[in-house]
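# Structural overview for review
Here is how the chains run, residue by residue.
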Amino acid sequence: MAWIVHKFGGTSLADADCFRRVAAIVSAPCDANLAVVVSAMGGVTDQLLGLISQAAAGESVTDTVDALRARYAAVTAELLPAGLAGPLLKQFEQDLHNIQHVLKALSLVRSASHRSRDLVSGFGELWSARLMTGVLKSGQAGRSVKFVNARDVLITGRGEMGPVIDWEASRSRRARVIPSDFTGIAVVTGYIASSRDGLPTTLGRNGSDYSASIFAALLGAGEINIWTDVDGVMSGDPRQVPEATVINEISYSEAMELAYFGAKVLHPRTMAPAVADGIPIRIRNTFDSSRPGTTISSASTMREEVVKGVSGIDGVALVNLEGAGMIGVPGTADRLFGALRDGGVSVMLISQGSSEHSICFAVAEDATETVRRVVERAFAVELGQGLVQRIEVTLDCAILAVVGDGMAGLPGSAGRFFRTLGGAGINVRAIAQGASERNISAVIASRDLTRSLRAVHSNFYLSAKTVSIGVVGPGAVGGALLDQLAAAAGSLREQFDLDLRIRAIGSSSRMRLDPSRIDLDEWRSALGSGEPMDIERLVNHVQADYLPHAVIIDCTASQEIADRYANWLTRGIHVITPNKRAHSGPTDYYNELKRRDRQANTHFLYEATVGAGLPVIHTLKDLVETGDDIQSISGIFSGTLAYLFNVFDGSQTFSEIVRDARARGYTEPDPRDDLSGMDVARKAVILAREAGLDLELADIEVESLAPPALAGASVDEFLDRLSDFDAPMAARVHAAARDHQVLRYVADVDVRQAKASVRLQGFDADHPFSNISLTDNIVRFVTRRYSENPLIVRGPGAGPDVTAAGIFADLLRLCSMLSGSDD
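To keep things clear, this report deals only with the structure shown in the data block. (Residues numbered from 1 in each chain as written. Predicted model: local features only at pLDDT ≥ 70, side-chain atom pairs only at ≥ 80, totals over all residues. Heavy atoms only, no water.)

### A few points about the overall build of the protein
Counting its regular elements, the protein contains 30 helices and 31 strands. Here the C-alpha radius of gyration of the protein, 38 Å, is well above what a compact globule of 823 residues would show, namely 28 Å. Summarising its shape, the C-alpha atoms of the protein cover approximately 120 × 75 × 50 Å along the three principal directions. Looking at the protein alone, contacts between residues at least 24 apart form 73% of all its contacts between residues at least 6 apart. A total accessible area of about 34800 Å² is found for the protein, and carbon and sulfur atoms account for 49% of it. (Helix = DSSP H or I, 4+ residues; strand = E, 2+ residues; numbered from the N terminus. Rg over C-alpha atoms; globule rule 2.2 N^0.38 Å. Contact = heavy atoms within 4.5 Å. Areas by Shrake-Rupley, 256 points an atom, 1.4 Å probe, with all protein chains shown as cover.)

As structure tokens, this is what we get:
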């Protein structure tokens, strides 16, 4: 029969419930023989090694021994009936007796040998394997269950890189211990082995993984399942990269690269037997066995993913050996790294320029003094003669690595990696990339490791259109926008890979922050149960360094919020807004926003400041950027005033129309905000500036339709007394009618004369401004190209839904820009 190997680590065997869970996994129906390799119960190996240290130091070991005895006895009693538990506990007590004999000897000589450590530390696996064998037998697994002490099978020797398997002797012993005609489940001790002279030894840390790989090779297994407490190999450390995901498939080479640089994968050495025989390895979660985990094999089929994972290690020192006397001298590198080898120093990364003027390499920070001493001794003559100028050591470094077979032969991978680090403001101190192109590594400051992991992971692993969004001002317009996003987000994600994450919503008094995304179907209740508004916290939350892009959408009319735009743009946060305050405020601030928009590589979008959802700003920008000569811009830019003068024909008084419009919700709560003309004047300033004029709001000639005499009145008093001023308005509408004209409240920007006005004007019946629907906006561009037949943009220009649609269009436009810049 074919074999399948399962290995369960200490976290998978922490208590009685864990043993039951493991038993259920291996007792599931299967057509293959099973080799179940087990580690010691969680923490037991460390306790056993602690006993060695305590005894060698002359300290009492009683408490630790008692803790081991109590734990094993409790778990055994919970799992097995008395008839099976008795013999196991008797064997356990004999093992403790033998351990105490060894410890007594160590306490006498005040020293611990390598042999004594191997002997004592290996008991944990023996206890786990015996207990698991008993559990499977008592659970009626329906198959033969055999306990296998790996010391009866595995024979090892010592090599420079650790234990070396004597494959010929081990195969011979395996055939005796697990004969070819065996069928059932073999429960095997991990970690432990025997030396060639029959003494107990171990395979070192991660030894149980190594045991699983060795037994898979000895048994000719079809696959190895490494059961642990995670769902598989992750694309990044979840503690540092919240967006890390399980990698479905990786190659042996990718797994080795990721493991070397700190990822929670098998140690490269432990995979060697499986790699040699092409045995697939699956990393699976004991606590959620339904998940498929990660498959590690000779060649991953997921080549479309350029980078499989991002990993990093800190506690690194960068050493630089530099000198003119090194240039063109053969053997310099050999002398350097030979000396480090003799000094027992492991080198993690090497980088050398083609000039040969310097060699830099990375080592563990705790080896720094050894490295300095070794290198100074090896190059003492050159240092004395000035041929080697200096040995420079930089502490507090980290190594960041991106790994993926898909990078091989693909132009731009390294550029994308370093561009991402540069964009995140991270300085690279050394670089290394092998000829396989599978790994690109960079040495950076240790303090930058988490930020760099998040930035690089987001660039390679998330959609370029993943956007972290904060919405400020969830009133009529902001609320309509959130509702539109709720309706469209799913289809945008499915059809266009557009991942819009609303992670913050803030009103004037409350805010809601979510580490992932706010449920937009429930955003109102979520905001209501939120926390007090803190704009700085909200913005910092939106600009998460593990997400590629951040945008603040300001749906307020607040000057205070508008004054923050420059800072946000400088920080790399994109801004979208219908708020006219920044664009129509002081010219210096407007110009500063434009400058920062260009220099900070951010985008500042404000289509909805003029014309709500109409493409007024976009059209004007296109005309200017394509070299057209703007001569004048005129239009109706207030839906409220458009409505008033569409209705006002003299059959009703102007005050009656204003009161009716307010009752219908067509005006602001205080109609003077509309009648003053200042909102239209701000739009005129915005258009004038987009056309190249440096106009201030005070430069605009504004005709207010709100009587000055009522400026200080309450809203109710204003509405009551407005009728006192109906006569002048009636006279104007009748005068216009005599001339066969209609009245319209219009903004005029004369670009050639560099001036602008906002006033009530009469227009002939055939003029475009005379033929609009009730609340339409309309803009008329006269340019060099469009002089005989001016360019007209017309449509609904007021209301929360159409304004929100304009903001939404800006957001989609931003995503298109971001996608293009990251390709």
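Anyway, onward from the coordinates.
### Thoughts on the side chain of Asp-726
Its place among the elements puts Asp-726 in helix α29 (residues 726–738). The buried charged residue Asp-726 lacks any salt bridge partner; its closest oppositely charged side chain belongs to Arg-659, at an N-O distance of 5.8 Å. A polar contact of 2.7 Å, which involves the side chain of Asp-726, links it to the side chain of Ser-655. Discounting chain neighbours no more than four positions away, the residues touching Asp-726 are Thr-653, Phe-654 and Ser-655. (Buried < 20%, exposed > 50% of the residue type's maximum accessible area, 1.4 Å probe, protein only. Lys, Arg positive; Asp, Glu negative; His and termini not counted. Salt bridge = Lys/Arg side-chain N within 4 Å of Asp/Glu carboxyl O. Polar contact = N/O pair within 3.5 Å; in protein donor to acceptor, adjacent residues only side chain to side chain.)

### Quick look at the pattern of salt bridges
For the structure shown, the criterion picks out 36 salt bridges. Across the pair Arg-451 and Asp-448 runs a salt bridge whose closest N-O atoms are separated by 2.9 Å. We note a salt bridge from Arg-564 to Glu-536, for which the minimum N-O separation is 2.8 Å. Pair noted here: Arg-564 is in the loop between α19 (559–562) and α20 (565–570) and Glu-536 is in helix α18 (residues 535–542), with a separation of 28 residues, a long-range link. Each member of the salt-bridge network shares a partner with another, and the members are Asp-17, Arg-20 and Glu-78.

### Here's the deal with unusual backbone geometry
Its identity as a non-glycine residue notwithstanding, Arg-110 has a phi of 55°, on the positive side. The exposed category is assigned to Arg-110, whose relative accessible area is 52%. Backbone geometry at His-740 places phi at a positive 60°, although glycine is not the residue there. Along the polypeptide, His-740 turns up in the loop between α29 and β28 (741–750).

### Regarding the side chain of Glu-607
Residue placement: Glu-607 occurs in the loop between β25 (604–605) and α23 (616–625). Among all residues touching Glu-607, those that are not within four sequence positions of it are Ala-612, Leu-614, Pro-615, Val-616, Ile-617, His-618, Asp-810 and Arg-813.

### A word on the environment of Asp-810
The residue Asp-810 is located in helix α30 (residues 800–822) in this model. In this structure, Asp-810 is in contact with Ile-576, Leu-605, Tyr-606, Glu-607 and Ala-608, ignoring residues within four places of it in sequence.

### Focus on α18
Every buried residue of α18 is listed here: Ile-535, Leu-538, Val-539, His-541 and Val-542. Looking straight down α18, one finds its buried side chains confined to an arc of 160°; they lie on one side. Tucked inside the fold, the buried residues of α18 contact β19 (466–472), β20 (499–506), β21 (510–513), β23 (549–554), α19 and α20. Its side-chain oxygen 3.2 Å from the backbone nitrogen of Glu-536, Asp-534 forms the N-cap of α18. (Arc of directions from axis to C-beta.)

### Some details on the sheet that holds strand β26 (residues 630–636)
Strand-to-strand pairing in sheets goes through backbone hydrogen bonds, with the strands running parallel or antiparallel. Sheet architecture is open: six strands sit in the order β27-β29-β28-β26-β30-β31, paired in mixed fashion. Every other strand in the sheet has two partners, leaving β27 (701–702) and β31 (791–796) as the edge strands with one partner each. As judged from the six bridges shared by β26 and strand β30 (residues 776–783), these two strands associate in the antiparallel manner. Bridge pairing in β30 links Ser-634 to Arg-780. Taken strand by strand, helix α24 (residues 639–647) contacts β26, β28, β29 (755–764) and β30, and its axis lies near 150° from that of β28. (Pairing = 2+ DSSP bridges. Axes fitted to C-alpha atoms, helices over the stretch in contact; angles between N-to-C directions.)

### A look at the pairing of β21
Only one face of β21 is buried: it carries Met-511 and Leu-513, and the other face, with Arg-510 and Arg-512, is open. Two strands pair when backbone bridges link them, and β20 and β21 are joined in this way by three bridges, in the antiparallel orientation. Residue pairing for β21: Ala-504 is matched across the bridge by Leu-513. Taken together, β20 and the strand that follows it, β21, pair antiparallel across an intervening segment of three residues.

### Brief notes about helix α6 (residues 123–138)
The periodicity of an α-helix, 3.6 residues per turn, causes residues three or four positions apart to be oriented the same way. Under the 1.5 Å per step criterion, the end-to-end length of α6 is 23 Å for 16 residues, consistent within 8% with the ideal 22 Å. With 14 of 16 residues buried, α6 lies mostly within the body of the structure. (Expected span 1.5 Å × (residues − 1).)

### Structural notes on the sheet that holds strand β1 (residues 3–8)
The mixed open sheet is built from eight strands, whose spatial order is β3-β6-β2-β1-β9-β11-β12-β10. Two strands in the sheet have a free side with no partner beyond their single neighbour: β3 (145–148) and β10 (249–251). Within the sheet, the average angular offset between the axes of one strand and its neighbour, ignoring direction, is 20°. One ladder, built from five bridges, connects strand β9 (residues 223–228) with strand β11 (residues 281–285); its direction is parallel. Within β11, the residue paired with Asn-225 across the bridge is Arg-282. Along the sheet, helix α1 (residues 16–26) contacts β1, β2 (33–38), β6 (185–189) and β9; its crossing angle with β1, the most-contacted strand, is approximately 170°. Contacting β2, β3 and β6, α6 runs over the sheet at an angle of about 160° to β6.

### Topic: the packing of helix α2 (residues 44–56) against helix α5 (residues 114–121)
Axis separation between α2 and α5 bottoms out at 9 Å; the angle between their running directions is 145°. The interaxial crossing formed by α2 with α5 has right-handed handedness. Together, Thr-45, Leu-48, Leu-49, Ile-52 and Ser-53 of α2 and Ser-116, Arg-117, Val-120 and Ser-121 of α5 make up the contact between the two elements. A per-class count over the contact of α2 with α5 returns four nonpolar, four polar and one charged. (Left-handed = near helix turned anticlockwise from the far one by under 90°. Nonpolar A, V, L, I, M, F, W, Y, C, P; charged D, E, K, R; others polar.)

### Quick word on the environment of Asn-459
Mapped onto the elements of the fold, Asn-459 is located in helix α15 (residues 449–461). The spacing of Asn-459 and Tyr-546 is 87 residues in sequence and 9.2 Å in space, taken between C-alpha atoms. With sequence-adjacent residues up to four places away left out, Asn-459 is seen in contact with Arg-416 and Thr-420.

### With respect to the pairing of β6
For a regular strand, the rule is simple: side chains alternate between the two faces of the sheet. For β6, a buried count of five out of five residues is recorded, marking the element as mostly surrounded by other parts of the structure. Residues of β6 alternate between two faces, with Ile-185, Val-187 and Thr-189 on one and Ala-186 and Val-188 on the opposite face, all of them buried. Pairing geometry for β2 and β6, over five bridges, is parallel. Considered in β6, the bridge of Ala-35 is made with Ala-186.

### Section: the packing of α5 against α6
Relative orientation of the contacting elements α5 and α6 amounts to 15°, with a least axis distance of 5 Å. Of the possible angle classes, the one that applies to α5 and α6 is roughly parallel. Residues Leu-119, Val-120 and Ser-121 of α5 lie in contact with α6, whose contacting residues are Phe-123, Gly-124 and Glu-125. Looking at the contact of α5 with α6, its residues break down into three nonpolar, two polar and one charged. (Parallel < 35°, antiparallel > 145°, perpendicular 65-115°, else oblique.)

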